[in-house]
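Notes for the structure review
The primary structure of each chain is shown beneath.
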Amino acid sequence: MKSNIYPCLWFDHDVKEIADFYSEIFENVKYLDSASMVTTVEIEGVKFMFLNGGPAFKVNPSVSYYVYCQDPDQVQQLFDRLNKGGKVLMSLDEYAWSKCYAWVEDRFGVNWQLDSSNAGSKQRIVPTLLFANQKKELIREAINHYSAIFPTSKTIFEAPYAPESGIAEGTLLFAQFELNGYPFNATSSTIPHDFDFSEGNSFVVECKSQEEIDFYWSRLTEGGEESRCGWLKDRFGVWWQVIPENMSWLLNNPVTGTAAVQEMMKMNKIDIRTLELAGTSDKY
């Protein structure tokens, strides 16, 4: 099933150059839409949006991208490429959960976890949410919350903290789950961190109708907050963009696109009809 969810990464940089960078890192990169402000690509079959949004926000380790590799040689290859100009957060080594693993931040600030075991994952690259500081015990609550919103959802794997950790029994250290068929990982940390979820990493939800937009907007903003242009923050601080599936066409239409962009800038929740009628005599 093709999911309507995919990640968006915010940069203060030419996103075409960033897409070209990843095309040199990964073997399978497909350009879907390339422009100076927004470029969308598929990396190993997984869709990404790269946004040149300016200096207001940055990607950070609260969302990393877990790469399930075929073998240690592939981990080594990606490690060597991603490490150039970046930094190593966890060295390439054997760990309790993997015989060959590393955590690398590349030169654009994007975090990658490299694992030699594919763990049966149907998706090569899986976004990973890091619940830290006061959120470290909230993974199960978050999965239950999201699963109640997205109609096709399931928990794939759970790993609770060991009893000797001192964390409340049943608290999850790691989990993998699906929302509308799209896999996510979630991991917890007891180490204090100076970052949290932000607009630097958001998740796009493409909707077929205004009814879908209204539904996801209403449910995801419960306990969270609205922002502009279809952006919102949920109750756990994770950022989402709830947009129509034809958003690119609406905003880039040579006749009405400029007017549609102007209308969108006034909105919190996206109103499809207003964007469709922007710049036409039938607006009112």
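Reference entry: report on the structure contained in this document. All values reported here derive from a predicted model rather than from experimental measurement. (Residues numbered from 1 in each chain as written. Predicted model: local features only at pLDDT ≥ 70, side-chain atom pairs only at ≥ 80, totals over all residues. Heavy atoms only, no water.)

**Here we look at a negative patch on the surface**
The line we're drawing: Like-charged residues are merged into a patch within 9 Å and nonpolar side chains (Val, Leu, Ile, Met, Phe, Trp, Tyr) within 5 Å, provided each residue has over 30% relative accessible area and no salt bridge. Where accessible areas are quoted, they stem from the Shrake-Rupley method and a 1.4 Å probe; at the residue level, only the protein chains shown are allowed to cover. For salt bridges, the criterion is a side-chain nitrogen of Lys or Arg within 4 Å of an Asp or Glu carboxyl oxygen. In summary, the charge assignment counts Lys and Arg as positive and Asp and Glu as negative, without counting His or the chain termini. Where a charge lies is defined by one atom per residue type, namely NZ (Lys), CZ (Arg), CG (Asp) and CD (Glu). Helix and strand assignments come from DSSP, with helices taken as H or I runs of at least 4 residues and strands as E runs of at least 2, each series counted from the N terminus. Categorising residues by exposure relies on relative accessible area from a 1.4 Å probe, with only protein chains included: less than 20% of the type maximum marks a residue as buried, more than 50% marks it as exposed, and the intermediate range marks it as partly exposed.
On the surface, a cluster of negative charge is made up of D14, E17, D20 and E24. Looking at where D14 falls in the secondary structure, it is placed in the loop between strand 1 (5-11) and helix 1 (15-25). Judged by its relative accessible area of 36%, D14 falls in the partly exposed class.

**Side note on the environment of I213**
To keep it simple, the criterion reads: Contacts between residues were defined by any pair of non-hydrogen atoms, one from each residue, lying within 4.5 Å.
You can see I213 is positioned in helix 4 (residues 210-220). Judged by relative accessible area, I213 falls into the buried class, the value being 0%. C-alpha separation for the pair I213 and A148, spaced 65 residues apart in sequence, amounts to 16 Å. If sequence neighbours within four positions are ignored, I213 has contacts with C207, V242, I243, P244, K269, I270 and I272.

**What to know about the side chain of T171**
The cut-off we apply is this: A 3.5 Å cut-off defines polar contacts: any pair of N or O atoms within that distance qualifies, except that in protein one atom must be a possible hydrogen donor and the other a possible acceptor, and neighbouring residues in sequence count only when both atoms are side-chain atoms.
Positionally, T171 belongs in the loop between strand 10 (153-160) and strand 11 (172-179). Residue T171 is classed as buried on the basis of its relative accessible area, which comes to 10%. Engagement of the side chain of T171 in a polar contact is seen with the backbone oxygen of A168, the distance being 2.7 Å. Discounting residues that sit within four places of it in the chain, T171 has contacts with K136, E137, P160 and Y161.

**Brief notes about the sheet that holds strand 2 (residues 29-34)**
Going by this rule: Here, strands pair whenever DSSP counts at least two bridges between them. Orientation is described by axes fitted as lines to C-alpha atoms, over the contacting stretch for helices, and by angles from 0 to 180 degrees between their N-to-C directions.
As summarised here, the arrangement of the eight strands in space is 2-3-4-1-13-16-15-14, forming an open sheet in which the pairing is mixed. With partners counted over all chains shown, the strands left at the sheet margins are strand 2 and strand 14 (225-226), one partner each. Taken together, the three bridges between strand 15 (residues 231-233) and strand 16 (residues 239-244) define a ladder with antiparallel strand orientation. Bridge pairing in strand 16 places K233 opposite W239. Along the sheet face, helix 4 touches strand 13 (201-207), strand 14, strand 15 and strand 16 and points at about 165 degrees away from the line of strand 16.

**Looking at the pairing of strand 6 (residues 87-95)**
Bridge analysis of strand 6 against strand 7 (residues 98-105) gives five bridges, and the strand direction is antiparallel. Within strand 7, the position partnered with M90 by the bridge is W103. Linking strand 6 to strand 7, which pair antiparallel, is a turn of two residues.

**Let's talk about the sheet that holds strand 5 (residues 63-68)**
Hydrogen bonding along the main chain pairs the strands of a sheet, whether they run parallel or antiparallel. In spatial order, the strands read 6-7-8-5-9-12-11-10; together these eight strands make up an open sheet with mixed pairing. Edge positions in the sheet fall to strand 6 and strand 10, since each of these pairs with one other strand and no more. Pairs of neighbouring strands in the sheet enclose a mean axial angle of 20 degrees, with direction left out of account. Strand direction decides the pairing type here: strand 10 and strand 11, joined by seven bridges, are antiparallel. The residue of strand 11 that forms the bridge with P160 is L172.

**A closer look at the packing of helix 3 (residues 139-149) against helix 4**
In helix packing, the relevant descriptors are the interaxial angle and the interaxial distance, both defined with respect to the helix axes. Where we set the bar: Working definition: roughly parallel below 35 degrees, roughly antiparallel above 145 degrees, roughly perpendicular at 65 to 115 degrees, and oblique for all remaining angles. The sense of a crossing depends on the near helix, which, turned anticlockwise from the far helix by less than a right angle, makes the crossing left-handed and, turned clockwise, makes it right-handed.
Packing of helix 3 against helix 4 brings their axes to within 10 Å, and their N-to-C directions diverge by 160 degrees. Classed by the angle they form, the pair helix 3 and helix 4 counts as roughly antiparallel. Here helix 3 runs over helix 4; the crossing is right-handed. Within the contact between the two elements, helix 3 uses H145, A148 and I149 and helix 4 uses F215, Y216, R219 and L220.

**Focus on unusual backbone geometry**
Look at N133: it is not a glycine, yet its phi comes out positive at around 55 degrees. With respect to the element layout, N133 can be found in the loop between strand 9 (125-131) and helix 3. Unusually for a residue other than glycine, C229 sits at a positive phi of about 60 degrees. Among the secondary structure elements, C229 is positioned in the loop between strand 14 and strand 15. What makes C229 buried here is its relative accessible area of 13%.

**Brief notes about helix 1**
Since the α-helix packs 3.6 residues into each turn, any two residues three or four apart lie on the same face. As a reminder of what qualifies: Note that the arc is defined by the directions from the helix axis to the C-beta atoms.
Those residues of helix 1 not exposed but buried are V15, I18, A19, F21, Y22 and I25. Projected down its long axis, helix 1 carries its buried residues within an arc of 155 degrees, all on one side. Its buried side turned inward, helix 1 meets strand 1, strand 2, strand 3 (38-43), strand 4 (46-52), helix 2 (72-83) and strand 8 (111-115). Of the residues flanking the start of helix 1, the one acting as N-cap is D14, its side-chain oxygen 2.9 Å from the backbone nitrogen of K16.

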